[in-house]
Amino acid sequence: MIENKQLTKVDLATFQKGKSGNLRCGDAFVTIETDEYFLCAVADGLGSGEGAYRSAMIAMDIVEKHHTDPVPSLLEQCNQALMHERGVVITILKIMYQTNEIVYGNIGNIGCMLFTHDGQALRPIPAPGYLSGRKFQYRMEHFPYRKGFSFILHSDGATFTTDQQRWLRQMKNPEEVVSRMAETAKNSNDDVTIVVGQVR
């Protein structure tokens, strides 16, 4: 199901579906906007079904409760909370309004595409691994941004060819992007989460 939301400074569109035959989607996401920043996080619980759902929700609950913390601290807290759980891969984006900076934190295969105001594409390389209470090495990157910057976060149930990625940068708004991506991903036999945003 596609949902659209207009925040103070960010237009959002999201799509999520569970793997066929499962009552629960093993992915979860959260979006939060304050006067100082916008935060988006996507977690994919390892495997599928109830165990994956539980792990993803634990991670998103931590992010939601502690979103004022720096991104590395959020990743550390998620990792601690997931001890004895199945585990997750996760990406957190924090868009800092006052400094015009994007903070990217990641471990595992949550896809991330960033598009500058003039259509240039950036694709941070994810760190291998996952969070499950053990020692881990996350990836942190910082990017400047201007009005018109957009982003796409998606779980690995949504995959795209080079040609498909090319038309993504030509889309006009998040709803159009999600509609097109959802059409491609609807036949995937996996949990799928797609979050697209554009900074006004």
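Values in this document were obtained by computation on a predicted structure and should not be read as measured data. For every chain, the first residue of the written sequence is number 1, and numbering continues from 1 along that sequence. At least 70 in pLDDT is required for a residue's local features to be given in this predicted model, at least 80 for side-chain atom pairs to be given and counted, and no such filter applies to totals for whole chains, interfaces and linings, which use all residues. Heavy atoms from the whole structure form the basis of all side-chain values; hydrogens and water molecules are not counted.

S.K.: Would you mind going over the sheet that holds strand E10 (residues 150–154) with me for this structure?
M.R.: To summarise the sheet geometry, strands pair through backbone hydrogen bonds and adopt either a parallel or an antiparallel arrangement. DSSP-based pairing: two strands are paired if at least 2 bridges between them are found. The helix count covers DSSP runs of H or I at least four residues long, the strand count covers runs of E at least two residues long, and both are numbered beginning at the N terminus. One open sheet accounts for six strands, arranged E1-E2-E11-E10-E7-E8; its pairing is antiparallel. Of all the strands in the sheet, the pair left with one neighbour each is strand E1 (2–6) and strand E8 (121–122). Of the strand pairs in this sheet, E1 and strand E2 (residues 10–17) are connected by five bridges, and their pairing is antiparallel. Counterpart to Gln6 in the pairing with E2 is Asp11. Each of E1, E2, E10 and strand E11 (192–199) touches helix H4 (residues 174–185); the most contacted strand, E11, lies at about 160° to it. Whether two residues are in contact is decided by their heavy atoms, any of which lying within 4.5 Å being enough. Each axis is a line fitted through C-alpha atoms, and for a helix only the stretch in contact is used; angles between axes span 0 to 180 degrees, taken between their N-to-C directions.

S.K.: Got a minute to help me understand the state of the cysteines in this structure?
M.R.: Put plainly, a disulfide is one covalent bond tying together the sulfur atoms of two cysteines. Cysteine sulfur atoms are paired as a disulfide whenever they fall within 2.5 Å. Taken as a whole and assessed by the stated rule, the structure comprises zero disulfides. Here Cys40 is not cross-linked by a disulfide; its sulfur's nearest cysteine counterpart is in Cys112, at 9.1 Å. The rule is simple: take the accessible area with a 1.4 Å probe, protein chains only, and divide by the maximum for that residue type; under 20% is buried, over 50% is exposed, in between is partly exposed. By relative accessible area, Cys40 is classed as buried at 0%. Cys78 takes part in no disulfide bond, and the closest cysteine sulfur, belonging to Cys40, lies 13 Å away.

S.K.: How should the packing of aromatic side chains be read in this particular structure?
M.R.: Both the distance between ring centres and the angle between the ring planes are used here to describe each pair of aromatic rings. Any two of the Phe, Tyr and Trp rings considered here, Trp counted by its six-membered ring, make a pair once their centres fall within 6.5 Å; the pair's planes then place it as stacked at under 30 degrees, edge-to-face at over 60, or tilted in between. In this structure the tally under the stated criterion is three aromatic pairs. Ring plane angle 35° and centroid distance 5.9 Å describe the contact between Phe38 and Phe151, whose orientation is recorded as tilted. Of this pair, Phe38 sits in strand E4 (residues 37–45) while Phe151 sits in strand E10; the two residues are 113 residues apart in sequence, bridging distant segments of the chain. Note on Phe151: relative accessible area 1%, which makes it buried. Ring geometry for Phe136 and Tyr138: centres 5.8 Å apart, planes at 50°, overall tilted. The ring of Tyr97 has Lys9 sitting right over it, with the charged end atom 4.5 Å from the ring centre. Lysine NZ or arginine CZ positioned within 6 Å of the ring centre and within 35 degrees of the ring normal marks a charge as sitting over the ring.

That's the geometry; what it means functionally is another story.
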